[in-house]
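Take a look at the letters that make up each chain.
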Amino acid sequence: MQMSSRAEAFDRWIRSAFVAVNTELEELYFRQDDRTRVEGVGDSLKTTLRDEGHVHIVGLLKEGNTGDGFQSAFNVLGNVGLYLAALRRHELTNPAREERSPFPEASSLALHVGASLGMAPRFATSHLATHNRAIDGVRKSFTSLRDELLFIDENTRGILALQTAADALTRIVHLGVSNPAADVPFTTAKRALEDVLQFNARLFDQLDVERFFYCVRPYYKPYRVGRIEYRGANAGDFSGINELDLMLGLCRANDPYYANLLVDKMSFMLPADQARLRECMTFTSLLDELLGSLEHATAGWFRRNAGAFLEVCDLFGRYAAQHHDALVKRFIEDPAAKLSKDAQQGLTASGPPLPALLRSLEVLRDMRMAAPRSDTPSRHADLQRLRKALGTA
Ligand code: HEM
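A few points on the structure. (Residues numbered from 1 in each chain as written. Predicted model: local features only at pLDDT ≥ 70, side-chain atom pairs only at ≥ 80, totals over all residues. Heavy atoms only, no water.)

## Section: the overall build of the protein
Note the following rule: Here a strand is any run of E in DSSP of at least two residues, a helix any run of H or I of at least four, and the numbering for each starts at the N terminus. Here the radius of gyration uses the C-alpha set of atoms, whereas the globule reference equals 2.2 Å times the residue count to the power 0.38. Exposure categories follow from relative accessible area, calculated using a 1.4 Å probe and restricted to protein chains: below 20% of the type maximum is buried, above 50% is exposed, and the middle band is partly exposed. Should any heavy atoms of two residues lie within 4.5 Å, those residues are considered in contact. The protein chains shown are the only cover counted for residues, whose accessible areas, like all others here, come from Shrake-Rupley with a 1.4 Å probe. Here Asp and Glu are counted as negative and Lys and Arg as positive; His is not counted, and neither are the chain ends. Charged side chains are reduced to one point each, which is NZ for Lys, CZ for Arg, CG for Asp and CD for Glu.
Within the protein, the regular secondary structure consists of 17 helices and 2 strands. Relative to a compact globule of 393 residues, whose C-alpha radius of gyration would be 21 Å, the protein shows 22 Å and is just as compact. When the backbone C-alpha atoms are referred to their principal axes, the protein occupies close to 70 × 50 × 40 Å. Burial statistics for the protein: of 393 residues in total, 54% are counted as buried. Counting contacts in the protein only where the partners sit at least 6 residues apart, residues at least 24 apart contribute 78% of the total. Accessible surface for the protein amounts to roughly 17100 Å². Of this, 51% is attributable to carbon and sulfur atoms. Across the protein, the 48 positively charged side chains and the 50 negatively charged ones have centroids separated by 1 Å.

Next up, the structure:
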């Protein structure tokens, strides 16, 4: 990776002093009876963090260098984003009480680089997951806390496996759903989804609720860049998950709820992911292909491929249920319920109050599970038709 010496120095700082100071601050907050108290705690550490980062940012801004190639610019964007997210976490900025970011230099740099890449001017999930380049075994993080590293690693594994499943289904689109060779990608997709279930189960068992809630999640809050507030990153900001939705046919790009979600997500994805998602929107879903071939329901290819398709849908539905009913509930909903109304403000990555976010995540879960709901679009009846044709309903 080609990087200017200033970009390299900033990267080294993000990987060292930045992590050390954040970790120290987390230990201070966590030691208190009220772990939500941030203001007035560790002020000299916060000043160090703000001022050291500022020196790097002013240097990069002066250099005006976004032309060292994608990798380098993407890395600078991630690093400024991590810096601003940490300042937000430590309450050195808070979008609720400001009209513009109090960090104009960091905002300018993020806006310049973000616009040049075609991405939102903040750190995205890919910076900490799929494109979080490890050096000598150490990947980037906000802190060196065990629970943050566990969260980052299992998120990354989950995303990689969902991408594998999405790649496999894309191959089926090109093979045609009646192709005998579709058994290979169907098997790959199934295995990948089984992997995701296993990674998420491990995260559920091993992640400490309090550490995650008080010391990890707060770095994913929304913050302002310039005047505009950008929502926080979440593990869903990659195209693979939506490719799965669309190719399976469980969600549709012309459904207003789902289309809004896609539009909101686009700029949080890598440009290559944005292109994949756009292409995917032009495909006919596998479900619609199969429903269009019901007159062949007794053919060998139909029985094998429709059967495999239904198994993939079942695993995907289980993943969606696990994300919502296990992970979101255990690590966000339950601990949030114990907080005062005041402390619940600004809890989510996307900004809306928690009950609204939970309702909207529930809709998504139910679409992915093809749940029998009449108040939101669901493919329940269509999957039943397919099962009936196979005699498995
Ligand atoms: C401790 C573990 C996790 C928790 C508490 C959690 C919680 C959440 C929450 C609250 C959101 C909504 C974002 C927002 O605040 O606006 C979200 C979104 C999302 N998360 Fe997770 N998540 C976890 C792990 C994962 C993992 C490991 C994956 C992938 C394998 C994942 C995939 C997604 C996806 C795809 C979305 C976007 C919405 C969607 O399309 O489903 N999450 N998550």
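Next, the rest of the story.
## Details of helix 14 (residues 300-337)
Because each turn of an α-helix spans 3.6 residues, side chains separated by three or four positions in sequence point in the same direction. Convention followed: Expected span of a helix: the number of residues minus one, times 1.5 Å. The angle between axes fitted to the seven residues ending at a residue and the seven residues starting there is what we call the bend at that residue.
Spanning 38 residues, helix 14 covers 52 Å between terminal C-alpha atoms, matching the ideal 56 Å at 1.5 Å per step. Bending of helix 14 peaks at approximately 65° at the position of Lys-329.

## Here's the deal with the pattern of salt bridges
Defined as follows: Each salt bridge in this description consists of a side-chain nitrogen of Lys or Arg and a carboxyl oxygen of Asp or Glu lying within 4 Å of one another.
Using the criterion set out here, one finds 31 salt bridges in the structure. For the salt bridge of Glu-311 with Lys-190, the shortest nitrogen-to-oxygen distance reads 3.1 Å. Of the two residues, Glu-311 sits in helix 14 while Lys-190 sits in helix 8 (residues 183-206), which places them 121 residues apart along the sequence. Residue Lys-190 is classed as buried on the basis of its relative accessible area of 17%. For Asp-375, the salt bridge is made with Arg-373, and the minimal N-O distance between the two is 2.9 Å. Residue Asp-375 is classed as exposed on the basis of its relative accessible area, which comes to 56%.

## With respect to the environment of Phe-10
The residue Phe-10 is located in helix 1 (residues 5-15) in this model. Separated by 42 residues in the primary sequence, Phe-10 and Glu-52 place their C-alpha atoms 9.6 Å from one another. Apart from the residues lying within four places of it in its own chain, the contact partners of Phe-10 are Gly-53, His-56, Ile-57, Leu-60, Asn-79, Val-80 and Tyr-83.

## Focus on the packing of helix 1 against helix 2 (residues 17-30)
We apply this condition: Axis definition: a line fitted to C-alpha atoms, limited for helices to the stretch in contact. Angles are taken between N-to-C directions and run from 0 to 180 degrees. Roughly parallel means an angle under 35 degrees; roughly antiparallel means over 145; roughly perpendicular covers 65 to 115; every other angle is labelled oblique. Each residue gets one label: Ala, Val, Leu, Ile, Met, Phe, Trp, Tyr, Cys and Pro are nonpolar, Asp, Glu, Lys and Arg are charged, and the others, such as Gly, are polar.
In the contact formed by helix 1 and helix 2, the axes pass within 3 Å of each other and the chain directions differ by 30°. As judged from the angle between their axes, helix 1 and helix 2 are roughly parallel. When helix 1 is examined against helix 2, the residues Trp-13, Ile-14 and Arg-15 are found in contact with a partner set consisting of Ala-17, Phe-18 and Val-19. Of the residues belonging to the contact of helix 1 with helix 2, the class tally is 5 nonpolar, no polar and 1 charged.

## Notes on the coordination of the iron atom of the ligand
To keep it simple, the criterion reads: Coordination partners: N, O, S within 2.8 Å of the metal, 3.2 Å for Na, K and Ca; water not considered, so apparent gaps in a site are possible.
Just one protein atom coordinates the iron atom of the ligand, and that atom is His-323 (NE2), at 2.1 Å. Here His-323 shows up in helix 14.

## Structural notes on the packing of aromatic side chains
To keep it simple, the criterion reads: Aromatic pairing here means that ring centres of Phe, Tyr or Trp (its six-membered ring) are within 6.5 Å. Orientation follows from the plane angle: under 30 degrees is stacked, over 60 is edge-to-face, and everything else is tilted. Note on criteria: charge over ring means Lys NZ or Arg CZ within 6 Å of the ring centre, with the direction from the centre no more than 35 degrees off the ring normal.
Within the structure shown, the criterion is met by 16 aromatic pairs. Aromatic side chains Trp-301 and Phe-302 sit 5.5 Å apart centroid to centroid with 70° between the ring planes, which places their arrangement in the edge-to-face category. According to the relative accessible area criterion, Trp-301 is buried, its value standing at 19%. According to the relative accessible area criterion, Phe-302 is buried, its value standing at 0%. Here the aromatic residues Phe-10, Trp-13, Phe-18, Tyr-83, Phe-123, Phe-142, Phe-151, Phe-204, Phe-212, Tyr-219, Tyr-220 and Phe-331 are joined through ring pairs into a cluster of three or more. For Arg-122, the ring lying beneath its charged end belongs to Phe-123, and the centroid distance is 4.8 Å.

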